[in-house]
Amino acid sequence: MSTQKDFVKTALRLPPDLHASLHESAKESERTFNAEILHRLRSTFKGKRPQQSATSKGPQ
């Protein structure tokens, strides 16, 4: 089971219409607002390999 220590708290600024859409989608999916955001973010990364950031020192 996850605890608060398993997460990083962050602030996120959203346009009001997107905020409302996320709340509505969360309600329809019977998820919390936070769970809806996590679900949508995770779904965008499925099947994708993590990419090196521009600042990483990997092989060039």
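Residues numbered from 1 in each chain as written. Predicted model: local features only at pLDDT ≥ 70, side-chain atom pairs only at ≥ 80, totals over all residues. Heavy atoms only, no water.

### Some thoughts on the pattern of salt bridges
Part 1 of the reasoning: What the rule picks out here adds up to two salt bridges.
Part 2 of the reasoning: One salt bridge connects Arg31 with Glu36, and the closest N-O pair in it is separated by 2.8 Å.
Part 3 of the reasoning: Classification of Arg31 by relative accessible area gives partly exposed; the value is 30%.
Part 4 of the reasoning: Overall, Glu36 belongs to the buried group, its relative accessible area being 1%.
Part 5 of the reasoning: One salt-bridge network, in which partners are shared between bridges, spans Arg31, Glu36 and Arg40. (Salt bridge = Lys/Arg side-chain N within 4 Å of Asp/Glu carboxyl O. Buried < 20%, exposed > 50% of the residue type's maximum accessible area, 1.4 Å probe, protein only.)

### What about the layout of surface pockets?
Part 1 of the reasoning: What the largest pocket holds in volume is close to 420 Å³.
Part 2 of the reasoning: Lining the largest pocket, in full, are Gln4, Phe7, Val8, Lys9, Thr10, Ala11, Leu12, Leu14, Phe33, Asn34, Ile37 and Leu38.
Part 3 of the reasoning: By residue class, the composition of the lining of the largest pocket is eight nonpolar, three polar and one charged. (1 Å grid on protein atoms, 1.4 Å probe; cavity = no way out; pocket = protein on both sides within 12 Å on 5 of 7 lines; lining within 4 Å. Points joined across faces, edges and corners; volume = space filled by probe spheres on them. Nonpolar A, V, L, I, M, F, W, Y, C, P; charged D, E, K, R; others polar.)

### Focus: helix H2 (residues 33-45)
Part 1 of the reasoning: Here H2 is 13 residues long and its end C-alpha atoms lie 19 Å apart, about the 18 Å a rise of 1.5 Å per residue gives.
Part 2 of the reasoning: Taken from the residues just after H2, Gly47 is the one with a positive phi, measuring 80°. (Helix = DSSP H or I, 4+ residues; strand = E, 2+ residues; numbered from the N terminus. Expected span 1.5 Å × (residues − 1).)

### Some thoughts on the side chain of Glu36
Part 1 of the reasoning: Examined against the element boundaries, Glu36 turns out to sit in helix H2.
Part 2 of the reasoning: Beyond its immediate stretch of four places on either side in the chain, Glu36 contacts Leu22, Ser25, Ala26, Ser29 and Arg31. (Contact = heavy atoms within 4.5 Å.)

### Comments concerning the UniProt feature "domain: Arc-like DNA binding" (unreviewed entry) in the chain
Part 1 of the reasoning: The UniProt record marks residues 11-46 with the feature "domain: Arc-like DNA binding" (unreviewed entry), using the residue numbering of this structure.
Part 2 of the reasoning: Secondary structure content for residues 11-46 is 72% helix and 0% strand, while the C-alpha to C-alpha distance between its ends is 24 Å. (UniProt positions renumbered as here; feature names shortened; annotations may be inferred.)

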